[in-house]
Amino acid sequence: NVLRHMLLDTGLAKEMSAHVSAAMMTSLAGFCAPSWGVRNSSTLVFAVLATRCLGGSLANVKSKGLTAADFFTRYPALLPFLLRRLDAAAPR
């Protein structure tokens, strides 16, 4: 929850922007944690990051959003991380 509050703090927005990819990877990794508290906190952090990364409210249907190319240009560390996670989760 501390990470979530740091991400929500507008006074820390500039400093936290350098850590968005790491925070996203941490939150996604937390989805598989054995502890309910960690999984719950991870979903809360992910919600903050999804809104921040994709820009504004996810309910805003008028927005064209962000292309995958733009997203992975902004957060290049996420592409190999997500590909590894998807590969590990895919049935063989």
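Before reading further, recall that the structure is shown in the block above.
So, here's what we can say about the structure.

The rules behind the values
- Residues numbered from 1 in each chain as written.
- Predicted model: local features only at pLDDT ≥ 70, side-chain atom pairs only at ≥ 80, totals over all residues.
- Heavy atoms only, no water.
- Helix = DSSP H or I, 4+ residues; strand = E, 2+ residues; numbered from the N terminus.
- Buried < 20%, exposed > 50% of the residue type's maximum accessible area, 1.4 Å probe, protein only.
- Areas by Shrake-Rupley, 256 points an atom, 1.4 Å probe, with all protein chains shown as cover.
- Phe/Tyr/Trp six-rings, centres within 6.5 Å; stacked < 30°, edge-to-face > 60°.
- Axes fitted to C-alpha atoms, helices over the stretch in contact; angles between N-to-C directions.
- Parallel < 35°, antiparallel > 145°, perpendicular 65-115°, else oblique.
- Left-handed = near helix turned anticlockwise from the far one by under 90°.
- Contact = heavy atoms within 4.5 Å.
- Nonpolar A, V, L, I, M, F, W, Y, C, P; charged D, E, K, R; others polar.
- Expected span 1.5 Å × (residues − 1).
- Patch = residues over 30% accessible without salt bridge, like charges linked within 9 Å, V, L, I, M, F, W, Y side chains within 5 Å.
- Salt bridge = Lys/Arg side-chain N within 4 Å of Asp/Glu carboxyl O.

Examining the overall build of the protein chain
Counting its secondary structure elements, the protein chain contains six helices and zero strands. The proportion of buried residues among the 92 residues of the protein chain is 23%. When the accessible area of the protein chain is evaluated, it comes to approximately 6300 Å², of which 65% is carbon and sulfur surface.

Some remarks on the packing of aromatic side chains
By the definition in use, this model includes three aromatic pairs. When the centroid spacing of 5.1 Å and the interplanar angle of 85 degrees are considered together, the rings of F71 and F72 count as edge-to-face. A relative accessible area of 24% means that F72 is categorised as partly exposed. For the ring pair F71 and Y75, a centre distance of 5.2 Å and an interplane angle of 55 degrees mean the geometry is tilted. Taken together, the aromatic side chains of F71, F72 and Y75 make up a single cluster linked through ring pairs.

Thoughts on the packing of helix α3 (residues 20-30) against helix α6 (residues 78-89)
Running from N to C, α3 and α6 point in directions that differ by 15 degrees, and their axes come no closer than 10 Å. One element, α3, and the other, α6, form an angle in the roughly parallel class. Of the two elements, α3 crosses α6, and the hand of that crossing is right-handed. Contacts between α3 and α6 involve S21, M24, M25, L28 and A29 from the first element and L78, F81, L82 and R85 from the second. Taken together, the residues of the contact of α3 with α6 sort by class into seven nonpolar, one polar and one charged.

With respect to helix α4 (residues 36-54)
In this model α4 runs 27 Å from its N-terminal to its C-terminal C-alpha over 19 residues, within 8% of the 27 Å that 1.5 Å per residue would give. Within α4, the full set of buried residues consists of S41, S42, V45, V48, L49, A50 and C53. Those residues of α4 that are buried lie in contact with α1 (2-8), α3 and α5 (68-74). Of the residues one or two after α4, G55 is the one with positive phi, at around 85 degrees.

A word on the environment of R39
Tracing the chain through its elements places R39 in helix α4. Judged by relative accessible area, which is 29%, R39 ranks as partly exposed. Taking the C-alpha atoms as reference points, R39 and L28, separated by eleven residues in sequence, lie 9.0 Å from one another. The residues contacting R39, other than those within four sequence positions of it, are G30, F31, A33 and P34.

A look at a nonpolar patch on the surface
Together, L79, L83 and L86 make up an exposed nonpolar region whose accessible area comes to about 290 Å². Inspection of the secondary structure assignment puts L83 in helix α6.

No statement about biological role is implied by the geometric values presented.
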